[in-house]
Amino acid sequence: MSRILSATLLMAVVSVGVAMPAAAATNLRDAAAAALRNDPRAAALQSAVEAAAAQRALALSGYKPNVLLSAELGRMDLQTDAPFPESGLRNPNGVTLALSQPLYRGGRTEAQLAVADAGLDASRQRAVGETQQLMLQAIAAYLDVLRDRAVLEQAQASQRTLSTAASDTRKRYDAGEVTRSDVAQADARAAESQALLASAQARVRAGEAAYERVTGERAEGLAPIGAPPQLPASLDEALRWAGESPIVQAASAQARGAHQRAKVAAGARLPTVSLDAQGNTRDNTEFGYERLDTWSALLKLTVPIYQGGAVSAQIAQSRAEAAQADYAASDAQRAARQAAIESWELWQATLQAVPAYQAQVAASELALETVRKELDVGSRTTLDLLDAERERLAAHVNLVGSERDRALAAYRLLAACGQLRLDAIP
């Protein structure tokens, strides 16, 4: 092959040596913050916490009195043959003020408040855990865009190089320097590079759409991958962190709430005591035209005798649900442990993969240059050079992908340990 084809391939290698943008205004922390600010799922998590807080306020109301003011005003006609009350038209009116203060409800008020407290704790922990997953999605989308754009640059350069190579090979065939098979091989690689380019362009557009969906912002001015975050020093430390992760704590809080709901159900079998007071003033009623004023203060005891088996069924149901919640909490512990181990091992693997792919890139660059020189002296064929270019492209793509995987594995490990926060992102 001529020096023109060899030089063209070498220039492509140099031109695509930089895989990531050199500078930008948006970094990983900015992307994660944008997700928390713009993703409707983040707002939904906050609304869920507010609903749980309102449920606690509702449970607290069980300790407080109920006060009711009622008034009535109307007109009535009473006709009777009795001497009393007197027949005639009346304009009845009255005002009643009633108060009921619960004193004892079979322990249900305390249990309902404990249920609400556990629910609020679980909601907050779920919000923290889901928030970390939202940030992780934003980070993944960010890294995907960087990777896909770098792959696109490589694909564009390779497509230009192989198109030029195919053109040069046809010229040399016309000059009688190469065979028809050399032309077919060069054309085939050029066609392959065009297909790879189209695929890379589609992945970039899809990645940018995913980034905008999570962050609410366009994928513009993204900075290169920075330093990794502060990670646990060992697998044991990662497991300790994971054992206290928000997802584990949320499951534990749900189990506590389930047991308290069983107490609420059992309280329906017990008596209730309340203090009921009422003041009433009425005038122009069916009993006469004089105003009647009454008041009362009563200590009220209610004892359930028979409820058709409903309470027993509710108690059985709530106890079964409490057992189910205990099993779910235990499973959450195991799932957190599994996630921590998997994330730790993936992180360790990526630490080894990046240097290996860096070595592959260096070797493929050297191989391409060596094949070019050997082609000039006739000891290599056109296919050898095309293969060397394909291997060089694959090595660069592998390196870009491994750098993305290493960065994402670090943040996945943080999320598995429940430690992914904005201030933890460099």
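The structure reproduced in this document is the subject of the present report.

1. Digging into the overall build of the protein chain
Counting its regular elements, the protein chain contains nine helices and six strands. Residues counted as buried form 40% of the 426 residues belonging to the protein chain. Across the protein chain, the fraction of contacts at a sequence separation of at least 24, relative to all contacts at a separation of at least 6, is 83%. When the accessible surface of the protein chain is totalled, it reaches about 22,900 Å², and 56% of it is carbon and sulfur. Separation between the mean location of the 44 positive side-chain charges and that of the 48 negative ones in the protein chain comes to 2 Å.

2. Quick word on the pattern of salt bridges
Note on pairing: side chains with opposite charge can pair once their charged atoms come close. Throughout the structure, instances matching the rule amount to 20 salt bridges. For Arg404, the salt bridge goes to Asp144, with nearest N and O atoms at 2.7 Å. One end of the pair, Arg404, is in helix 9 (residues 382–416); the other, Asp144, is in helix 4 (residues 108–174), and 260 residues separate them in sequence. Residue classification places Asp144 among the buried residues on the basis of a relative accessible area of 19%. Here the salt bridges do not stand alone but share partners, grouping Asp144, Arg147, Asp148, Arg404 and Asp405 into one network.

3. Things to note about the sheet that holds strand 1 (residues 66–73)
Pairing within the open sheet is antiparallel, and its four strands lie in the order 1-4-5-6. Because the sheet does not close on itself, it has two edges, and the strands there are strand 1 and strand 6 (292–302). Taken over all neighbouring pairs, the strand axes of this sheet differ in orientation by 10° on average, direction set aside. Pairing between strand 1 and strand 4 (residues 93–104): eight bridges, direction antiparallel. From the neighbouring strand, Leu73 faces strand 4, where its bridge partner is Asn93.

4. A look at the nonpolar core
Formed by 32 residues in total, the largest nonpolar core has its most connected members in Ile139, Tyr142, Tyr211, Tyr411 and Leu420. Of all elements in the fold, only helix 2 (28–38), helix 4, helix 8 (310–376) and helix 9 reach the threshold of two or more residues within this core. Among the elements that line this core, the one with the most residues is helix 4, at nine residues. When sequence neighbours within four positions are dropped, the list of residues in contact with Tyr211 reads Thr26, Ala31, Ala138, Ala141, Tyr142, Val145, Gly216, Glu217, Arg218, Ala219 and Leu222. Counting eight residues, the second largest nonpolar core, distinct from the first, contains Ala150, Val151, Ala155 and Val204.

5. Digging into the packing of helix 5 (residues 180–215) against helix 9
Close contact between helix 5 and helix 9 brings their axes to 9 Å; oriented N to C, the two are set at 15°. Judged by the inter-axis angle, helix 5 sits roughly parallel to helix 9. Once helix 5 is placed against helix 9, the crossing between them reads as left-handed. Taken together, the residues of helix 9 that come into contact with helix 5 (itself represented by Asp182, Gln185, Ala186, Arg189 and Glu192) are Thr382, Leu383, Leu386, Asp387 and Arg390. Of the residues contributing to the contact of helix 5 with helix 9, the split by class is three nonpolar, two polar and five charged.

6. So, the packing of aromatic side chains
According to the stated counting rule, one finds one aromatic pair in the structure shown. Between Tyr142 and Tyr211 the ring centres are 6.3 Å apart and the planes differ by 55°, which places this aromatic pair in the tilted class. Residue Tyr142 is located in helix 4, and its partner Tyr211 is located in helix 5; the two are separated by 69 residues in the primary sequence. Tyr211 matches Tyr142 in its accessibility class, with the two residues each being buried.

7. A few points about the packing of helix 4 against helix 5
Their axes nearest at 7 Å, the elements helix 4 and helix 5 cross at an angle of 160°. In terms of orientation, helix 4 and helix 5 fall into the roughly antiparallel class. Here helix 4 and helix 5 pass one another in a crossing that is left-handed.

8. Focus on the environment of Val115
Assignment of secondary structure puts Val115 in helix 4. Since its relative accessible area comes to 17%, Val115 is described here as buried. Considered as a pair, Val115 and Ala253 are 138 residues apart in the sequence and their alpha carbons are 9.2 Å apart. Ignoring any residue separated from it by four or fewer positions in sequence, one finds Val115 in contact with Gly257, Gln260, Arg261 and Val264.

9. So, a nonpolar patch on the surface
Where nonpolar side chains cluster on the molecular surface, the patch consists of Val67, Leu69, Val95, Leu97 and Leu99 and spans about 440 Å² of accessible area. Every element with two or more residues in the nonpolar patch is listed here: strand 1 and strand 4. Looking at the nonpolar patch element by element, the count peaks at three residues for strand 4. Along the chain, the position of Leu69 falls in strand 1.

10. Digging into helix 5
Here helix 5 spans 53 Å end to end across 36 residues, near enough to the 52 Å set by a 1.5 Å rise per residue. Where helix 5 terminates, the next one or two residues include Gly216, which has phi positive at roughly 75°.

11. What to know about the environment of Gln307
Secondary-structure assignment places Gln307 in the loop between strand 6 and helix 8. Take Gln307: its relative accessible area is 35%, and that puts it in the partly exposed class. C-alpha separation for the pair Gln307 and Glu365, spaced 58 residues apart in sequence, amounts to 84 Å. Looking at Gln307, its side chain comes within polar contact range of the main-chain oxygen of Ala268, at 3.3 Å.

Procedures and definitions
Residues numbered from 1 in each chain as written. Predicted model: local features only at pLDDT ≥ 70, side-chain atom pairs only at ≥ 80, totals over all residues. Heavy atoms only, no water. Helix = DSSP H or I, 4+ residues; strand = E, 2+ residues; numbered from the N terminus. Buried < 20%, exposed > 50% of the residue type's maximum accessible area, 1.4 Å probe, protein only. Contact = heavy atoms within 4.5 Å. Areas by Shrake-Rupley, 256 points an atom, 1.4 Å probe, with all protein chains shown as cover. Lys, Arg positive; Asp, Glu negative; His and termini not counted. Charge placed at Lys NZ, Arg CZ, Asp CG, Glu CD. Salt bridge = Lys/Arg side-chain N within 4 Å of Asp/Glu carboxyl O. Pairing = 2+ DSSP bridges. Axes fitted to C-alpha atoms, helices over the stretch in contact; angles between N-to-C directions. Core = buried A, V, L, I, M, F, W, Y, C linked by side-chain atoms within 4.5 Å. Parallel < 35°, antiparallel > 145°, perpendicular 65-115°, else oblique. Left-handed = near helix turned anticlockwise from the far one by under 90°. Nonpolar A, V, L, I, M, F, W, Y, C, P; charged D, E, K, R; others polar. Phe/Tyr/Trp six-rings, centres within 6.5 Å; stacked < 30°, edge-to-face > 60°. Patch = residues over 30% accessible without salt bridge, like charges linked within 9 Å, V, L, I, M, F, W, Y side chains within 5 Å. Expected span 1.5 Å × (residues − 1). Polar contact = N/O pair within 3.5 Å; in protein donor to acceptor, adjacent residues only side chain to side chain.

Keep in mind these values describe shape, not function.
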